[in-house]
Amino acid sequence: MSAEDVQALDTGMRPAVQAVGLRKTFGRTTALDGVDLSIPEGTVFGLLGPNGAGKTTAVRILTTLVQPDEGRAEVLGFDVVRDAAHLRGVIGLTGQFAAVDGLLTGRENLRLVGELYHLPRKVVVQRADELLERFDLAQAADRTVRTYSGGMRRRLDLAASLVNRPRLLFLDEPTTGLDPRSRIGLWKILEELVRDGTTLLLTTQYLEEADRLADRIAVIDFGRIIAEGTADDLKSQVGGELLEVHVNGGGLERAARLLLDLGHGEPQYVGENGNGRLTLTAGGGGVALVADAARALASAGIDVRDLALRRPTLDDVFLTLTGRAAEANGDGSHDDVPASGRRPRGRSAG
């Protein structure tokens, strides 16, 4: 039994999700390679990783849309294969793209979902009205959805996933494509759901989203969980303060060689085509490192746009574990099918 399982028992929480050894392949490509998950009820669990990491495949297995090739999983006590029909009635799912009918009104969309769940007519009408009000869609309730903005469609899609009052809600990159204002608004709604007792499993590429919402985060890459813990736990793996260097024009490779000579380890590079930034663990000598780096870069004639100390972020965690930023999409492969032939640089979770 893992430490997380013991903690769940100690606090009276049972796992909402318990998965062991999940493996899934698509042709010659391994999408999941032995994934274990344990998520207590009443919490927010973030599954963080780039496109191609296996996030969506994991969600599809846990929501009964795809069967694993190996391993087993229980969600709310239901086996995802054997009890799939029962499980679908007690969970909700919001995918990467709003699954609402643009030819129907917002009210009609929600009522249709209620009817598909075979809820009593009176309950369907009442629930639709409640959700339209809660998601600030009441004034647009009788407009066709094709007239909605992207943020409105996303809120309606989330409302539709709540019609059956699910105890566990799966959110697969729910804020993809939203502007910052709409994203923050959706975060507030999700925080309200958690306060009401809903368990959330959230997949995301947005590090700020995982940092703000998740009680616990698993970093997935190439179909494997490579680290897991709270946001603070994961950030502590990077170390203390970081030196961040932005260079004008070219010169990043030269700057990296100079920073390496300062003896604080190998600088990490984020960017492409010679444009980007370098980060370097400062250890206990942050101020002295800034001074040393500034002198070395100036002596070499490298035009520095910015040089500063800062605290680690989840982006730094992912970069340290995998050698690339979480937003990176590699070769553009879909999340279900990671690029074959590449191997992770990160270490396994402890």
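Cut-offs applied
Residues numbered from 1 in each chain as written. Predicted model: local features only at pLDDT ≥ 70, side-chain atom pairs only at ≥ 80, totals over all residues. Heavy atoms only, no water. Helix = DSSP H or I, 4+ residues; strand = E, 2+ residues; numbered from the N terminus. Buried < 20%, exposed > 50% of the residue type's maximum accessible area, 1.4 Å probe, protein only. Contact = heavy atoms within 4.5 Å. Areas by Shrake-Rupley, 256 points an atom, 1.4 Å probe, with all protein chains shown as cover. Salt bridge = Lys/Arg side-chain N within 4 Å of Asp/Glu carboxyl O. Pairing = 2+ DSSP bridges. Right-handed = clockwise from strand over helix to strand, strands pointing away. Polar contact = N/O pair within 3.5 Å; in protein donor to acceptor, adjacent residues only side chain to side chain. pLDDT = per-residue confidence, 0-100. Core = buried A, V, L, I, M, F, W, Y, C linked by side-chain atoms within 4.5 Å. 1 Å grid on protein atoms, 1.4 Å probe; cavity = no way out; pocket = protein on both sides within 12 Å on 5 of 7 lines; lining within 4 Å. Points joined across faces, edges and corners; volume = space filled by probe spheres on them. Nonpolar A, V, L, I, M, F, W, Y, C, P; charged D, E, K, R; others polar. Axes fitted to C-alpha atoms, helices over the stretch in contact; angles between N-to-C directions. Parallel < 35°, antiparallel > 145°, perpendicular 65-115°, else oblique. Left-handed = near helix turned anticlockwise from the far one by under 90°.

Each helix and strand in the protein was counted, giving 12 helices and 14 strands. Residue burial in the protein is summarised as follows: out of 350 residues, 48% are buried. Put simply, 70% of the contacts in the protein that link residues at least 6 apart link residues at least 24 apart. Entry remark: accessible area of the protein is about 16,400 Å², with carbon and sulfur atoms responsible for 49%.

A complete count under the given rule lists 18 salt bridges for this structure. A salt bridge links Asp33 to Arg23, with the nearest nitrogen and oxygen atoms 2.6 Å apart. Separated by 10 residues along the polypeptide, Asp33 in strand 2 (residues 29–40) and Arg23 in strand 1 (residues 15–26) bring together distant segments of the chain. Through salt bridges that share partners, Arg23, Asp33 and Arg224 make up one connected network.

So, about the pairing of strand 7 (residues 168–172). Across a regular strand the side chains alternate sides, sitting on one face of the sheet and then on the other. Of all 5 residues in strand 7, 5 are buried; the element is thus mostly enclosed. Going residue by residue along strand 7, you find Leu168, Phe170 and Asp172 tucked away on one face and Leu169 and Leu171 tucked away on the opposite face as well. Pairing geometry for strand 7 and strand 8 (residues 199–204), over 5 bridges, is parallel. Each residue of the ladder has a partner; that of Leu169, found in strand 8, is Leu200. In this region the chain leaves strand 7, passes through helix 7 (residues 180–195) and returns to the parallel neighbour strand 8; the handedness of that crossover is right-handed.

With respect to the helices and strands, the residue Arg183 is situated in helix 7. In terms of polar contacts, Arg183 uses its side chain to reach the side chain of Thr175, at 3.4 Å.

This brings us to the confidence of the model for the protein. Averaged over every residue, the pLDDT of the protein is 82; residues scoring 70 or more account for 84%. The least confident element of the protein, judged by mean pLDDT, is helix 1 (residues 3–10) at 43; the most confident is strand 4 (residues 70–75) at 97. In this model residues 1–12 is a low-confidence stretch, pLDDT under 50, and it forms 9 contacts with partners more than four residues away in sequence or in other chains. Within the model, the stretch residues 337–350 combines pLDDT values under 50 with 33 contacts to residues more than four positions away or in other chains.

Here we come to the nonpolar core. In terms of nonpolar packing, the biggest core is built from 45 residues, with Leu110, Phe135, Leu158, Ile217, Val219 and Leu314 touching the most fellow members. With residues up to four places along the chain from it excluded, the contact list for Leu314 reads Leu207, Ala210, Asp211, Ile217, Ala231, Leu234 and Lys235. Grouped together as the second largest cluster of nonpolar side chains are 27 residues, Val17, Ala19, Leu76 and Leu168 included.

With respect to the element layout, Leu200 can be found in strand 8. Taking the C-alpha atoms as reference points, Leu200 and Leu169, separated by 31 residues in sequence, lie 5.0 Å from one another. Once residues within four sequence positions are removed from consideration, Leu200 is found in contact with Thr43, Val44, Phe45, Leu168, Leu169, Leu171, Leu190 and Val194.

With that settled, consider the layout of surface pockets. When its volume is computed, the largest pocket comes out at roughly 630 Å³. In this structure, the largest pocket is lined by 27 residues; those nearest its centre are Leu93, Thr94, Gly95, Ala99 and Asp157. At the level of elements, helix 2 (55–62), strand 6 (91–94), helix 4 (106–116) and helix 6 (150–160) are the ones that each hand at least two residues to the lining of the largest pocket. In terms of residue class, the lining of the largest pocket is built from 12 nonpolar, 10 polar and 5 charged.

Turning to the packing of helix 4 against helix 5 (residues 121–134), a few remarks are in order. The geometry of helix 4 relative to helix 5 is characterised by a closest axis approach of 9 Å and an angle of 135 degrees between their N-to-C directions. Considered as vectors, helix 4 and helix 5 are oriented oblique to each other. As for the relative orientation of helix 4 and helix 5, their crossing is right-handed in sense. Residues Gly106, Arg107, Leu110, Arg111, Gly114 and Glu115 of helix 4 form the contact with helix 5, whose participating residues are Arg121, Val124, Val125, Ala128, Asp129, Leu131 and Leu132. Looking at the contact of helix 4 with helix 5 residue by residue, the class counts come to 6 nonpolar, 2 polar and 5 charged.

The next thing to look at is the sheet that holds strand 5 (residues 78–79). With antiparallel pairing, 4 strands are arranged side by side in an open sheet as 2-1-4-5. Edge strands, defined here as strands with exactly one partner in the open sheet, are strand 2 and strand 5. Pairing analysis gives 2 bridges linking strand 4 to strand 5, with the strands arranged antiparallel. When the sheet's bridge partners are listed, Glu74 is paired in strand 5 with Asp79. Across the face of the sheet, helix 2 comes into contact with strand 1, strand 2 and strand 4 while running at roughly 120 degrees to strand 1.

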